[in-house]
Every structure is written in C-alpha cells, then in structure tokens.
Amino acid sequence: PSDYVRFEAQLDVKDEQQYTVEIEIRKFQFRNTSSLLLFIKDISQVKELGRMKALDKYKDMLLASVTHELRTPLNCIIPMISEAIQDDHVPLSVKDTFLKPSMNSAKLLLNIVNDILDYSRFKRNKLRLNFTDFNCIEKMTEILQLFEIQCKHKDIHLHFEVSQSFPSVIHSDKDRLGQIIINLLSNALKFTTVGGITLSICEGEEEGTATFSVKDTGIGIKSGSLKNLFTEFGTLDDDNQEILNPQGVGLGLMISNKIVMMLGSSEPMKVKSEVSKGTEFYFTIPIIQNDSLHVLANYEPDSYIPKKQLTRKLTPLDKPCSCKRVLSIDDNDYNQMVAGRMLEKMGFEVIKAFNGKDALEIVENPTKYNCSLCQDPDCTYFNMIITDL
C-alpha cells in the first residue's frame, strides 16, 4: 500500500553487536498535516531461532547422509574379513592375531555407526523394527565373542549367566536387541579396569517377558550424573570420563533406551550404581509375539513412490530350470564384488547391473543374457533380484 512501507535492516551498536530490526513507516494525517510514524521492532531473536531450526534440519540430513556413506565400506570390509577367516590357506596364527581382532573392531564400529544413523531416524520418526523368532542364547554368545579379546587384554573377566528355565528361542527384534547389549557391554568395558563384566538373562516378573542385565565392577557413577545417562550426547560429570572415555559420543544409552521402549517394555531402562564398586544396567521386554508391536514397528511415514512398469510381461516357466540366477543391482563396485563372491559360492550365476536403467534393460531383453550354467536359450529368468546392497 502507498500509505506505509516495511523492511528489515541490520544495525550496528557501540558494543559491536549486530541487531536485525524490522522498520515500518506509516503515513497519516495529524492536525491537517501529513506526518510519518516510525515503528522499529527488534527481531534478532526470531531470525536467530529460524536460522537455528534450519541449521538443525541440515545437520540431521548431513548426519544421515554421512552415516550411510560410512556403512557402505564397512559392509564390504566385514564380509571380506570373514571370507579370509574361513579360508583354509590363511595361517591360523594370522587369523587369531590379525583377522579376528579386525573383524571384532569392524563390527563394533558398525554398531557405533548404526547408533548415529538411528539418532537421525529417531528425530524423523523413521526407525523400523523387524520382529522374528530367533535363538537368543546363540545371539548373546555371538555378541560376547566380540569382547573376548579386549577383556583378555585388560585382564578382566567376561561372564554369561542364563537361568535354567529361560527359553532358547524368543520373539523380538534380534538386531536391535543385539545393538542394546553391545552398547551396554561397550560402556562396561570402557569403565572397568579390574574385576569383570557379567551379562545375565532370566524370565521377567510378568509372564512372557525377559530381563536382560549387564553388570560391571568398574568405577561406578555418581548419583548426580545418573540424570545425564539417557540424554542426547550425555556424558559423565566426572574426571574419569575424560580419562577412560575421552572420545565417547554419548548416543548409545539414549538410543538403547528408546529401542527398549519400542521393543514393548512398559518402563525405560534402569540403572543401579555405586562409586568405586560398579554399575548395572537392566531392562525387561516381552519375548512372545504381540501383533500391536508389529503394526507400530513396521510403520514408516514415507510417501509412496509409484514403480515403473516393465514393458515385458513375465510368465511362469513350463519346465522350471534347476539353475540358480541372481540379478544384482548396486552402483558400488565393492558391494557387487562381495555379493557376487558370496552368491557364486552358493552356486548362483550372478548378473550385475550398476543402475536401474541397466537392470530394466537386462530384464526386458533376457536373450542377451542367457544362462551360462546350462547354455539353454530358454533359461532367461532370475530366481532373485537384489537391489541396493
């Protein structure tokens, strides 16, 4: 409008601080005289708040992107080390001295990377769980093996206690439960220099539940620091934090506590600690199937993206071939190499595509990629298509 104007400006004051102000000038009549009315409003805090929100958004996007990039080489390193460990031509001394410690370190690093990735997922409400039946005793034993070398190096004991009536097979998210236990064992190892660490599992007080506990004989935690344990980037308010864990990220316990609740626990993770005597973290989760948890865990508020339709109609084979063929689609050479070696060992013929366009070309023109296992021109199907390894 012609009777007023509004704009923003930067003002520098004597204390060298800069302010953002909104200036509005209005034209009006006062005693038959044309006058101007000037309004000046300090909007520095509003602008700063907007800037911080935008920065926080970009930080989360960067965090998720970087974490995904970190997982890609790890997902190649771990299978390659595993293959070397299983190779009979590699000396046993090399496996025990170099390969197995490298494997354990890579798996622990992957768990840290997963924590950071989960942190960004939590903030976007996109964390997903996968409930299945699995052997809990085997899973816990596998996790404890990751810490055997480090415990031996620190000359501390590592114990595993299971109640006699505890069922071997439980229903939960195997990987997420493992992630929690790894985080708890990692913390216990960091702050324990004498004595030992004990992982114990038993039936919970309520039917169909189990209680998991990680107890150590470490430095303990001051009562004033307990409130920081399950917060973002929470660390101990203690000199020992800088001595024993100077590079701690402070996400593991916060994420573990959230996962405990998502696994169906009626209450958050608990902790008991006494300075110079040790600490115990424990939680209780359901271990039988609960359909309501499945609905919650599998929900992800992503928009649906229509898939491109194939121009070639796929029809079932009249005489199924005994050959096993896989179409592997990934833009990473190392992922393709690892997946290819694993699948070929299982007797599959692997056809590789490095992008969606190439994959569609292969599927729509199968005669160009006849099976090399049986040389049958009619064998043009794939038993499995793997995308984004």
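Below you will find a few notes about this structure. (Residues numbered from 1 in each chain as written. Predicted model: local features only at pLDDT ≥ 70, side-chain atom pairs only at ≥ 80, totals over all residues. Heavy atoms only, no water.)

1. Side note on the sheet that holds strand S1 (residues 4–12)
- Across the sheet, 3 strands lie side by side as S1-S2-S3; this open sheet has antiparallel pairing. A single partner strand is all that each edge strand has here, and the edge strands are S1 and strand S3 (33–42). Ignoring strand direction, the axes of neighbouring strands in this sheet form an average angle of 25°.
- As judged from the 9 bridges shared by S1 and strand S2 (residues 18–30), these two strands associate in the antiparallel manner. Within S2, the position partnered with Arg-6 by the bridge is Glu-24. (Pairing = 2+ DSSP bridges. Helix = DSSP H or I, 4+ residues; strand = E, 2+ residues; numbered from the N terminus. Axes fitted to C-alpha atoms, helices over the stretch in contact; angles between N-to-C directions.)

2. Describing the packing of aromatic side chains
- The final tally for this structure, using the stated rule, is 2 aromatic pairs.
- Centroid distance Phe-212 to Phe-283: 5.4 Å. Interplanar angle 10°. Geometry classified as stacked. Taken together, the residues span a long stretch of sequence, with Phe-212 in strand S8 (residues 209–216) and Phe-283 in strand S10 (residues 278–286) at a distance of 71 residues.
- Ring geometry for Phe-230 versus Phe-281: centroids 6.3 Å apart, planes at 90°, classification edge-to-face. Residue Phe-230 is located in the loop between S8 and helix H6 (239–244), and its partner Phe-281 is located in strand S10; the two are separated by 51 residues in the primary sequence.
- Look at Phe-230 and you get partly exposed, because its relative accessible area is 22%. (Phe/Tyr/Trp six-rings, centres within 6.5 Å; stacked < 30°, edge-to-face > 60°. Buried < 20%, exposed > 50% of the residue type's maximum accessible area, 1.4 Å probe, protein only.)

3. Observations regarding the side chain of Thr-279
- One can find Thr-279 in strand S10.
- Judged by relative accessible area, Thr-279 falls into the buried class, the value being 6%.
- At 2.8 Å, the side chain of Thr-279 and the side chain of Ser-273 are in polar contact.
- Non-local contacts of Thr-279, meaning those with residues more than four positions away in its chain, are made with Val-214, Lys-215, Asp-216, Gly-220, Ile-221, Val-271, Lys-272 and Ser-273. (Polar contact = N/O pair within 3.5 Å; in protein donor to acceptor, adjacent residues only side chain to side chain. Contact = heavy atoms within 4.5 Å.)

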